[in-house]
Amino acid sequence: SQQGEEDPQALSIQEGENATMNCSYKTSINNLQWYRQNSGRGLVHLILIRSNEREKHSGRLRVTLDTSKKSSSLLITASRAADTASYFCATDAVGGFQKLVFGTGTRLLVSP
Amino acid sequence: DTGVSQDPRHKITKRGQNVTFRCDPISEHNRLYWYRQTLGQGPEFLTYFQNEAQLEKSRLLSDRFSAERPKGSFSTLEIQRTEQGDSAMYLCASSPGTGSYEQYFGPGTRLTVT
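Residues numbered from 1 in each chain as written. Chains lettered and ligands numbered in written order. Predicted model: local features only at pLDDT ≥ 70, side-chain atom pairs only at ≥ 80, totals over all residues. Heavy atoms only, no water.

Enquirer: Help me out: how do you make sense of the sheet that holds strand β1 (residues 5-7) of chain B in this one?
Expert: Strand pairing in a sheet relies on backbone hydrogen bonds, with the paired strands running either antiparallel or parallel. All names here are of chain B. One open sheet accounts for four strands, arranged β1-β3-β8-β7; its pairing is antiparallel. On the outer flanks of this sheet lie β1 and β7 (65-68), each paired with one strand and no other. For this sheet, the mean inter-axis angle between neighbouring strands, taken without regard to orientation, is 15°. In terms of strand pairing, β1 meets strand β3 (residues 19-24) through three bridges, oriented antiparallel. Pairing of D7 across the sheet is with R22, part of β3. (Pairing = 2+ DSSP bridges. Helix = DSSP H or I, 4+ residues; strand = E, 2+ residues; numbered from the N terminus. Axes fitted to C-alpha atoms, helices over the stretch in contact; angles between N-to-C directions.)

Enquirer: Is there a simple way to think about the interface of chain B and chain A in this case?
Expert: By a widely used convention, the size of an interface equals the accessible area lost when the partners come together. Counting from both sides, the interface comprises 24 residues of chain B and, opposite them, 23 residues of chain A. Between chain B and chain A, the buried area comes to about 1900 Å², and carbon and sulfur atoms account for 50% of it. The largest share of the area that chain B buries against chain A comes from P43, Y101 and F105 of chain B, three residues that together contribute 28% of it. The partner of K99 of chain A in a salt bridge is E56 of chain B, and the shortest N-O contact between them spans 2.7 Å. For the interface between chain B and chain A, the tally reads five residue pairs in polar contact (both at pLDDT 80 or more). Of all the secondary-structure elements, those providing two or more residues to the side of chain B that touches chain A are β4 (31-37), β5 (44-50) and β9 (88-95) of chain B. Per-element tally for the side of chain B that touches chain A: the top contributor is β4 of chain B, with four residues. Split into classes, the residues belonging to the side of chain B that touches chain A amount to ten nonpolar, nine polar and five charged. (Contact = heavy atoms within 4.5 Å. Buried area = accessible area lost by both parts, 1.4 Å probe. Salt bridge = Lys/Arg side-chain N within 4 Å of Asp/Glu carboxyl O. Polar contact = N/O pair within 3.5 Å; in protein donor to acceptor, adjacent residues only side chain to side chain. Nonpolar A, V, L, I, M, F, W, Y, C, P; charged D, E, K, R; others polar.)

What follows is the structure, given as structure tokens:
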């Protein structure tokens, strides 16, 4: 079963706007990762945030983590049509041998 | 290309047939994972190898499923007596192991059981 829930399930925005996706999870974690998946393809790693970190940046991506609320958010700034994809959060649970437990995903559509 | 590769990319089979998928991880990655993804869902963990040792198997992996990594390099996933419910994308990922937590995914094998 899926570890977490992502919100919203789908998001439609215009190029240049920011996109925010949220993820909630259930267990104690070592780290939380965000992945992107273009339609019918494999997943691409975007960013990893460790359990002792609260915020991390990578280019146009900003990730926050609140372990007390067991939640994370991914912000994509100045979105582009090429950002159109599904985005998944994945948790590496304590004692989980680094196997990832994925959320349900957010489908992002960025229109030109 | 030094990424994770999977073969075949697509497989159509009739119910009851056996299928085998192959995954070649990134060279020198000692951890290899198999996941299954159905339409509209996130990937779900199936099994995990560290070198040639299979260290964990999900309850999703019924006795019709078997995975091997004989020399600690490539891995195979076999499904015997396929059922329509086995239709999914099967994803392989590898990671270096100690000190590095990102997983690198292959393009997946899409299985359709008719």
